[in-house]
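Close look at the chain arrangement
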Amino acid sequence: MAENGMAQEMTPLEKKICEQIEYYFGDHNLPRDKFLKEQIKLDDGWVTLETMIKFNRLSRLTTDFTIIADGLKKSKSGLLEISEDKSKIRRSPSKPLPEFEEYKTSIKVRSVYVKGFPTSATLDEIKEWFDENGPVENIQMRRTLQRQFKGSVFVVFDSLDSATKFVETPGLKYKETEMIILFKEAYFQKKAEEKKQHKAKNKKNDKEQQKNTQDMLGTKSFEERTECLLKFAGDLTDQTCREDMHEIFSTRDIQWIDFIRGAKEGNILFKTNAKEILEKAKEGHAGKLLLRGKEVTWEMVEGEEAKTILKKIIEDQQESMNKQRSKARRGRGKGRGGKGGGGPQRVQFQGKKTTFEDEDSEGIQESEETTATSPKKRALEETGSGEEPAAKQSKTENECGDQ
């Protein structure tokens, strides 16, 4: 067998081939890739090129074993070995995978949040941009549950120094867009603070809502408020609406109108005594109050009937305010990957999970491992997609998008 490492100049194609295959066997992907981990157990770490070319991104580059082997021979990383007959490759035994907890800790300080890419950008385009701004191990395209790219990524640099240099470089742009750049930990802290402020704002809104409900009742007791109720009924037309009540009674006197267009009766809650307001309105309309020309019976409501009507009105008022609040939240949620209001809720994860990163406020960074009998299971984290050969598929994020 021959170790790669010859100091020869690579062609652009060979460079892409090496980057892709070394990613597959690298520290970031290999621990997450169930299929590949199963393959390396079969033959002392060796994986046939016949198997490797079934990975989509590699096969799009080439399926020629000679080109793959020649490219890997020129790699200076020393990560991979090539068999004597050039039909198999493996991760060099001299470069074992780091301990999981140790690696997990190390990538935290090297991970950076970058936002400003167009949602139409491809992983190849993003990778090309990062190639000009520092060596990276992994690029994770953040996506909505509908798999739409958000325009932001989490990227793992090869060292803390390169990550720090990137973060501290002023005015970095993707095409004409100035990028938002934070260490991943700083991004999570920022999101946690925003969530805290949002929670405090909601709490304040809840208190205001409770105060508004109390204001609806005013300083009067429940029993006293029943004196503010007026019931009406008649052969009303289908066009009769609440605006018609406002034409009869002063708008400033009306607290709430319990009436649905097309109904033959309804109730009005006034701010003060209903009987006094009714008499005053009759005086202003020659003693006869009509709704769209139809005669109407107006009467005070007392006892248990009044309490039942008043309770319903208060519940309707509360429901109306809740709807308005919910609508406002959905409006604020637009542009955040379907997180606002009516978007789909988080679907239950299918398959075995291995958590690698921290929880994001907009998703969980994790790698799904699926069995050969369930090739269509999908992780619901906001990562890019990957594919594995044949019927065995594991959805993992890598710096080249899909495998």
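This one's a predicted model, so the numbers in the text were calculated from it and none came from an experiment. (Residues numbered from 1 in each chain as written. Predicted model: local features only at pLDDT ≥ 70, side-chain atom pairs only at ≥ 80, totals over all residues. Heavy atoms only, no water.)

Observations regarding the overall build of the protein
- Scanning the protein from N- to C-terminus turns up 13 helices and 17 strands.
- The buried share of the protein, reckoned over its 403 residues, is 42%.
- Considering only contacts in the protein between residues 6 or more positions apart, those separated by 24 or more positions represent 64%.
- As presented, the protein carries roughly 21900 Å² of accessible surface, and 49% of it is formed by carbon and sulfur atoms. (Helix = DSSP H or I, 4+ residues; strand = E, 2+ residues; numbered from the N terminus. Buried < 20%, exposed > 50% of the residue type's maximum accessible area, 1.4 Å probe, protein only. Contact = heavy atoms within 4.5 Å. Areas by Shrake-Rupley, 256 points an atom, 1.4 Å probe, with all protein chains shown as cover.)

Comments concerning the packing of aromatic side chains
- Per the stated rule, a full pass over the model turns up 20 aromatic pairs.
- For the ring pair Phe117 and Phe130, a centre distance of 6.1 Å and an interplane angle of 50 degrees mean the geometry is tilted. With a gap of 13 residues between them, Phe117 in the loop between strand E5 (111–115) and helix H7 (123–131) and Phe130 in helix H7 connect regions that are remote in the sequence.
- Judged by its relative accessible area of 0%, Phe130 is buried.
- With a centroid separation of 6.3 Å and an interplanar angle of 75 degrees, the aromatic rings of Phe130 and Phe157 are classed as edge-to-face. One end of the pair, Phe130, is in helix H7; the other, Phe157, is in strand E7 (residues 149–157), with 27 residues separating them in the sequence. (Phe/Tyr/Trp six-rings, centres within 6.5 Å; stacked < 30°, edge-to-face > 60°.)

Let's talk about the nonpolar core
- Counting 22 residues, the largest nonpolar core has Ile21, Phe25 and Met52 as its most contacted members.
- Counting only elements with at least two residues in this core, the list comes to helix H1 (12–24), helix H2 (34–40), helix H3 (49–52), helix H5 (65–73) and strand E3 (80–82).
- Of the residues forming this core, the biggest block, 5 residues, is contributed by H1.
- Setting aside residues no more than four positions away along its own chain, Ile21 makes contact with Leu58, Ile68, Leu72, Leu80 and Ile89.
- Core analysis: the second largest hydrophobic core is formed by 21 residues, Val114, Ala121, Trp129 and Val136 among them. (Core = buried A, V, L, I, M, F, W, Y, C linked by side-chain atoms within 4.5 Å.)

Considerations on the sheet that holds E7
- Ordered by their spatial adjacency, 4 strands build an open sheet running E6-E7-E5-E10, and the pairing between neighbours is antiparallel. Single-partner strands in this sheet number two, and they are strand E6 (136–143) and strand E10 (180–183). Adjacent strand axes in the sheet meet at a mean angle of 20 degrees, parallel and antiparallel pairs treated alike.
- When E6 meets E7, the two strands line up antiparallel, connected through 6 bridges. (Pairing = 2+ DSSP bridges. Axes fitted to C-alpha atoms, helices over the stretch in contact; angles between N-to-C directions.)

Considering the sheet that holds strand E12 (residues 254–258)
- The strand order E12-E13-E11-E15-E14 describes an open sheet built from 5 strands, whose pairing is antiparallel. The open sheet has two edge strands with one neighbour each: E12 and strand E14 (290–291).
- The pairing of strand E11 (residues 229–234) with strand E13 (residues 265–270) spans 5 bridges and is classified as antiparallel. Directly across from Ala233, in E13, lies its bridge partner Glu265.

What to know about the packing of H1 against H5
- Axis separation between H1 and H5 bottoms out at 9 Å; the angle between their running directions is 80 degrees. For the element pair H1 / H5, the angle class is roughly perpendicular. Along its contact with H1, which presents Leu13, Glu14, Ile17, Cys18 and Ile21, the element H5 presents Ile67, Ile68, Asp70, Gly71 and Leu72.
- Among the residues forming the contact of H1 with H5, the class breakdown is 7 nonpolar, 1 polar and 2 charged. (Parallel < 35°, antiparallel > 145°, perpendicular 65-115°, else oblique. Nonpolar A, V, L, I, M, F, W, Y, C, P; charged D, E, K, R; others polar.)

A closer look at the confidence of the model for the protein
- Across the protein, the average pLDDT comes to 78, with 75% of residues at or above 70.
- The low-confidence segment residues 1–7 (pLDDT under 50) makes 25 contacts with residues lying over four places distant or belonging to another chain.
- Overall, residues 335–403 carries pLDDT values under 50, and its contacts beyond four positions in sequence, including any with other chains, amount to 207 contacts. (pLDDT = per-residue confidence, 0-100.)

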